[in-house]
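As a plain string of letters, each chain reads:
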Amino acid sequence: MVNRITIWLSCFCAGAISAVFWRELPSTQSMAVMLALLVVTSSIILLYRNYIHAAKQAVAEVLLCWAISGLLIGVLWVASLGHFYYAWQLPHDKIQQDVTIVGQVIAGGCVSHRFLNDHTPHHYVVVIRTIDGQSTDGFIKTPIFNALLFISFKFKARLSHTQYSFTNSEVVGNSGTFDEHGDIETVPLKTKAACLHDGDVFTAVVKLKPAYGTANPVGFSRQQHLVSQFIYATGYVKTLHAESTLHNHSMRNALADWLSSLNLVHHSWWSALLLGNKTHFTQQDWTLLQRTGTGHLFSISGMHLSIVAGVCFFVFIPFIFVIGHVIHVLRSLKRYPFPHIACFSAYQRLHFNGVFTCKNAGLRVWVLVSVIIVCYFYALLSGMALPVVRALLLLTLGCLLSIFKVAWRSVNIGLAMLALCLVLFPFSMLNASFYLSIGAVICIWFFVNTLSIHREPWYFAIAKLQIALTVIMMPLTTIWFGNVSVISLIANLFALPLVTLLLPICLMSLLISFYFSTVGIGQFAIEILKYSDHVFGYLLSLLVFLSELDLSALNLFVDTSSALCFLAAIILFCLPYWRFKRFCLFLLSLPLATSLIQWLPPNDEVWALHVLDAGQASAITVTKGDSAIIIDSGAQYGGNAITATQYLLPLLKSVKVKQVDHVIHTHSDNDHAGGLRALMVHPIAKNAKFYSPTLGCERDTHFDWQGLTISFLWPLKGNDQDNNAMSCVVGISDPSGSVLIPGDIEKESEYALVTKEFAKGTSALNADILIAPHHGSNTSSTDIFIKHVSPKAVIYTQGYENRWKFPALNVVERYKQHNVQQYFTSSEGYTLVTLEKGTFHVKTLRGDLKKRWYLKGRSPRHL
């Protein structure tokens, strides 16, 4: 029976997790075939159930049927929910329109009672009940999916909310903040607005659009993250009807207010550690955690829950002993007339039978139930973060098996917990925290059993386990985040014991000081918190010192298969020796070594044009060998050049570029030159030459770079303007092909360019690949310009549902009339053009490089 459970759970988990690699969701016909196959395998299992001991062949057949049924159920479960997700979408007439919603905040609400920050938007996850009076349940047009609404599926949206803003008619220039697609992300309210809390039911006027994001080969995938949380729409609050808000503030909010009133020096860190509120962290704090590899300590997870559970066991065991002793004394008094004889008899029974004997089974059950209850309330205190919920499920499952005396192996418990997570949170396998949490549990179980850590002194066991965890988790962090903290081992060896010690003490002190603030014990608890805050300051000083060391963190971009092979090599290294162990280690380490070290010289015959999906902005780079040219660097929002720092520079690192020789910004608008400062201070561009319409970019300027000819076609010499009309027009060519990047020029500049080229009798404008002028605006891409360029393909750099509705419909039709292949970064994502031997090949991320069902592209609605 245990073998069948193990096989079924393993195959169910494998089938569900395989959805991460699906290019498309299985069709309804394929699902019907799988359902029929499931019925057949289930029938075989039932038929052979009474004859399983008859023959070994029958046993093998039944086990195979168990495996197939588990695999099919896992696939069908995720596939059906995937179809359900895309069937329940925002109606077209509600997209980018002012709509009135009634919703409830379920996550991301303010933890303390405070007002919104003047500049920084706050982000809520909201269940929308109605939109303009219409129930969101009616958005599902497929009747078969209506049944799933009874399984607590809700229409969730992610809303941004700030304090000051303008109405649509008042939005000018750069007022407000904008999202990656060029649409307004937050509209600050004209009056001071209180922050919403988890559980609040509110009415507001909002603007919504489907959940979407940019698609690039490196960096954070917003769309994948939104799908993993079953979020169907994103938007911003324009007007909040505060008078109709129904507040439902929890004890967590009250504790957060109390913690703020204590005026601790490191309040933001205690808020994260004790209450799971990381909204007070600054960018410097996040950088510190990333470089030291200690982020898991300040994001409440299974580790923190295990600390709380361990403390509960430690506290309750003496309590059980005392209660058990009292019970035996009372029972013995009925047999013996003298109390001292009764006490001696009870002591003998407790000494020889132990506390957790059959006679104390009831007390054992009470302790386990109490631990579950305490941990549940701790999960509520942490905001029910998903890693904590997963750990709570594992703890609950283990306790229930102990209570009902069911003997399961640890591997079965782990598989059951994993399967339960995939049933309750089916799309969580698209999130990094799922693999980090599961990976940490598997690593701890593996090393405790393989290295016999439990037999060694506790301090040596903790150090050994920490080293093993740090090393084995490196491949996982590399896959998801593209960087590795070199000093994380040292940082965690100091930080982990201190956090383990301070967490239960400070959590208990916070609760005591909150409920007994006016009595002596409450004041004593406050002093403990202040002293702990002082001690914590030394830890932060150490972390800051470690993070400032050279090479404290490395950016490593390796493909998933290489990282997984290296992970297997680490596990293999810890296993007992056998004959071909070293050879297997060598083979498994070889993919990582070849991806990190460039053994072969670069191919000088191939060069590539990389057009990033920068939303309503432009970020382009040309690479050849280990060198690159950057042409525009995307936008910056709130002082952060997200495109340049999180996508463009990591992309160059991933394709083994060692230096940037030239940086060209077609003009100074934010959507083209927002990453200028970030590039100027980055080591990869320390020797680069910078160009702009008023600096070095002028007509008839040419230079050779890596065998390519770089030509500046516009503006004219002596230009002193830096605007759309005077954008730097860049031509790149060699015998294999040519590219034209015209910035944001409009029809007047296009006519001037055509006139100049016609007068000279040259064809410098001619190009195989054209980046659409001004993102496909109606003021550009004139018919005569398209004729003279004569492109084979045009790429539009524009954001999904951008407020300017780029590209214009007539522009798209114009290119279509000239038989030009068209690519949209909003729907196809990052676009790679490789040019070699007189030909070029175009590949897009959503269509070729990383086609996934959860990264489905959306075509512009206005087209």
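Our structure is the block above this text.
Not measured: the values here are computed from a predicted model. (Residues numbered from 1 in each chain as written. Predicted model: local features only at pLDDT ≥ 70, side-chain atom pairs only at ≥ 80, totals over all residues. Heavy atoms only, no water.)

Asker: What's the story with the packing of helix α6 (residues 267-275) against helix α15 (residues 488-515) in this structure? I'm lost.
Answerer: Interaxial distance between α6 and α15 falls to 10 Å at its minimum, and their mutual angle equals 90 degrees. Classified by the angle their axes make, α6 and α15 are roughly perpendicular. Listed contacts from α15 to W270, L273, L274 and L275 of α6 are V499, L502, L503, C506, L507 and L510. (Axes fitted to C-alpha atoms, helices over the stretch in contact; angles between N-to-C directions. Helix = DSSP H or I, 4+ residues; strand = E, 2+ residues; numbered from the N terminus. Parallel < 35°, antiparallel > 145°, perpendicular 65-115°, else oblique. Contact = heavy atoms within 4.5 Å.)

Asker: Would you mind showing me how to read the nonpolar core here?
Answerer: In globular proteins that are soluble, nonpolar side chains generally tend to be buried together. If you look at the biggest cluster of nonpolar residues, it comprises 73 residues, and the most contacted ones within it are I101, F202, L208, F427 and W853. Per-element accounting of this core gives the leading share, nine residues, to helix α3 (residues 56-87). If we skip the residues at most four places from it in the chain, I101 touches I128, T130, I131, L159, F202, T203, A204, V206 and L208. In this structure, V111, L288, V388 and L507 belong to the second largest nonpolar core, which totals 55 residues. (Core = buried A, V, L, I, M, F, W, Y, C linked by side-chain atoms within 4.5 Å. Buried < 20%, exposed > 50% of the residue type's maximum accessible area, 1.4 Å probe, protein only.)

Asker: I would appreciate a short explanation of the sheet that holds strand β19 (residues 737-741) in the present structure.
Answerer: Sheet strands pair by backbone hydrogen bonding; their relative direction is either parallel or antiparallel. Judged by pairing direction, the sheet is mixed, and its seven strands sit side by side in the order β16-β17-β18-β19-β20-β21-β22 without closing on themselves. Strands with a single pairing partner mark the edges of an open sheet, and in this sheet they are β16 (701-705) and β22 (821-824). Across the sheet, the mean angle separating the axes of adjacent strands is 20 degrees when strand polarity is ignored. Pairing geometry for strand β17 (residues 708-714) and strand β18 (residues 729-734), over five bridges, is antiparallel. Following the sheet pairing, F712 is matched in β18 by V730. (Pairing = 2+ DSSP bridges.)

Asker: Hey, could you run me through the pairing of strand β13 (residues 627-633) in this one?
Answerer: Every other side chain in a regular strand lies on the same face of the sheet, so the side chains alternate between the two faces. Most of β13 is tucked away, with seven of its seven residues classed as buried. Both strand β12 (residues 619-624) and β13 contribute to a ladder of six bridges, which runs antiparallel. Bridge pairing in β13 links K624 to S627. Where β12 hands over to β13, the hairpin turn is made up of two residues, of which G625 adopts a positive phi near 65 degrees. In this region the chain leaves β13, passes through helix α19 (residues 642-654) and returns to the parallel neighbour strand β14 (residues 659-664); the handedness of that crossover is right-handed. (Right-handed = clockwise from strand over helix to strand, strands pointing away.)

Asker: What exactly am I supposed to notice about the sheet that holds β13 here?
Answerer: Taking strand neighbours across the sheet as the criterion, the seven strands line up as β15-β14-β13-β12-β11-β23-β24 in an open arrangement whose pairing is mixed. A strand with exactly one partner marks an edge of an open sheet, and here the two such strands are β15 (689-691) and β24 (839-844). In this sheet, neighbouring strand axes are inclined to one another by 20 degrees on average, regardless of whether the strands run parallel or antiparallel.

Asker: Got a minute to help me understand unusual backbone geometry in this structure?
Answerer: Most peptide bonds adopt trans geometry, and most residues besides glycine take a negative phi value. That bond from W714 to P715 is cis: its omega, 5 degrees, falls within 30 degrees of zero. Examined against the element boundaries, P715 turns out to sit in the loop between β17 and β18. Residue P807 is bonded to the preceding F806 through a cis peptide linkage, with omega at -5 degrees. Within the secondary structure, P807 sits in the loop between β21 (793-796) and α24 (809-817).

Asker: Help me out: how do you make sense of the environment of V663 in this one?
Answerer: Mapped onto the elements, V663 comes out in strand β14. Judged by relative accessible area, which is 0%, V663 ranks as buried.

Asker: Help me understand the packing of aromatic side chains in this model?
Answerer: To describe a pair of aromatic rings, one takes the distance between the centres and the angle between the planes. The full count for this structure, using the stated rule, is 31 aromatic pairs. Between Y85 and Y86, the aromatic rings sit 5.2 Å apart at their centres with planes inclined by 85 degrees, giving edge-to-face as the arrangement. Considering the side-chain rings of W270 and F536, the 5.1 Å spacing of their centres and the 45 degrees angle between planes classify their relative orientation as tilted. Here F536 lies in helix α16 (residues 520-547) and W270 lies in helix α6, a separation of 266 residues in the sequence. With respect to burial, W270 and F536 carry one shared label: buried. Site record: aromatic cluster; members linked through ring pairs are F84, Y85, Y86, W88, F139, F153, F155, F230, Y232, F427, W853 and Y854. When the ring centre of Y86 is taken as reference, the NZ or CZ atom of K856 above it lies at 3.9 Å. (Phe/Tyr/Trp six-rings, centres within 6.5 Å; stacked < 30°, edge-to-face > 60°. Lys NZ or Arg CZ within 6 Å of the ring centre and 35° of its normal.)

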